[in-house]
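Residue strings, one per chain:
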Amino acid sequence: GSGGPGNSLALAQLVTSGVPGAGCTPKDHRTKVLCIGASITKGNVRIFSGTASTRPYPTQLGELLGHDYCVQNLGMPGATVLKHSHRPYWKYKMILKQIRDLKPDIVITQFGANDSKE
């Protein structure tokens, strides 16, 4: 049957081994890659009348890195790195807590486009 113990084991293996591009948890044993930034990171960049990509770079990075890595996308559209600006990343306390709790091994930042408007 489809609900036998073998399927439960397969699901448990999938969850613990992760799939390429899947997000991270604090207890994840894979190398944790954290991507922070604005809309380019989040993946909802709009150009002219459409979307630049339906697959943000953190998703593609996770696929390229494979099963030994997990990639967490914490992009915030419109965010800036400047603390004294219209939408500083620093004001998102819940996201900052997620970052601290995750304890990433690698952090990739992508800021600048919104900062240049300040």
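Here, every reference points to the structure presented above.
Colleague: What's the story with the overall build of the protein chain in this structure? I'm lost.
Modeller: Each helix and strand counted, the protein chain has four helices and five strands in total. Reading the helices (α) and strands (β) of the protein chain from amino to carboxyl end gives α-β-α-β-β-α-β-α-β. Counting only residues that meet the buried cut, the protein chain has 32% of its 118 residues in that class.

Colleague: Teacher, can you tell me more about the sheet that holds strand E5 (residues 106-110) here?
Modeller: Strands belonging to one sheet form pairs held by backbone hydrogen bonds; the direction of such a pair is parallel or antiparallel. Strand order in the open sheet formed by three strands is E4-E1-E5, with parallel pairing between adjacent strands. The sheet terminates laterally at strand E4 (69-75) and E5, the two strands that pair on one side only. Strand-to-strand twist in this sheet, taken as the mean axis angle between neighbours without regard to direction, amounts to 15 degrees. As judged from the seven bridges shared by strand E1 (residues 31-37) and E4, these two strands associate in the parallel manner. For isoleucine 36, the partnering residue across the bridge sits in E4 and is leucine 74. Across the face of the sheet, helix H3 (residues 57-65) comes into contact with E1, E4 and E5 while running at roughly 175 degrees to E4.

Colleague: Would you take a moment to explain the pattern of salt bridges for this structure?
Modeller: What the rule picks out here adds up to three salt bridges. Aspartate 28 serves as the salt-bridge partner of arginine 30, at 2.7 Å between the closest nitrogen and oxygen. Here arginine 30 falls in the buried class, since its relative accessible area comes to 10%. Residue classification places aspartate 28 among the buried residues on the basis of a relative accessible area of 13%. Among the salt bridges present, the one from glutamate 63 reaches arginine 55, with a minimum N-O distance of 2.2 Å. Given a relative accessible area of 40%, glutamate 63 falls into the partly exposed group. The partly exposed category is assigned to arginine 55, whose relative accessible area is 37%.

Colleague: Got a minute to help me understand the packing of aromatic side chains in this structure?
Modeller: The geometry of an aromatic ring pair comes down to the distance between the two centres and the angle between the two planes. Applying the stated rule across the entire model yields two aromatic pairs. Where tyrosine 89 meets tyrosine 92, the ring centres are 6.4 Å apart and the plane angle is 65 degrees; that geometry is what we call edge-to-face. You'll find tyrosine 89 and tyrosine 92 in the same group, each marked buried. Centre to centre, the rings of tyrosine 89 and phenylalanine 111 are 5.4 Å apart; their planes meet at 75 degrees, and the pair counts as edge-to-face.

Colleague: So what exactly am I meant to see when it comes to helix H4 (residues 93-102) here?
Modeller: Of the residues making up H4, those classed as buried are Ile95, Leu96, Ile99 and Leu102. The arc that holds every buried residue of H4, seen down its axis, measures 130 degrees, which confines them to one face. Summarising the geometry of H4, the exposed residues directed more than 90 degrees from the buried face are Lys93, Met94 and Arg100. Lining the buried residues of H4 we find E1 and E4. Remark: lysine 103 follows H4 within two positions and exhibits a positive phi of approximately 50 degrees.

Colleague: Help me out: how do you make sense of the environment of valine 81 in this one?
Modeller: Within the element layout of this structure, valine 81 appears in the loop between E4 and H4. Assessed through its relative accessible area of 37%, valine 81 is described here as partly exposed.

Cut-offs used in this document
- Residues numbered from 1 in each chain as written.
- Predicted model: local features only at pLDDT ≥ 70, side-chain atom pairs only at ≥ 80, totals over all residues.
- Heavy atoms only, no water.
- Helix = DSSP H or I, 4+ residues; strand = E, 2+ residues; numbered from the N terminus.
- Buried < 20%, exposed > 50% of the residue type's maximum accessible area, 1.4 Å probe, protein only.
- Pairing = 2+ DSSP bridges.
- Axes fitted to C-alpha atoms, helices over the stretch in contact; angles between N-to-C directions.
- Contact = heavy atoms within 4.5 Å.
- Salt bridge = Lys/Arg side-chain N within 4 Å of Asp/Glu carboxyl O.
- Phe/Tyr/Trp six-rings, centres within 6.5 Å; stacked < 30°, edge-to-face > 60°.
- Arc of directions from axis to C-beta.

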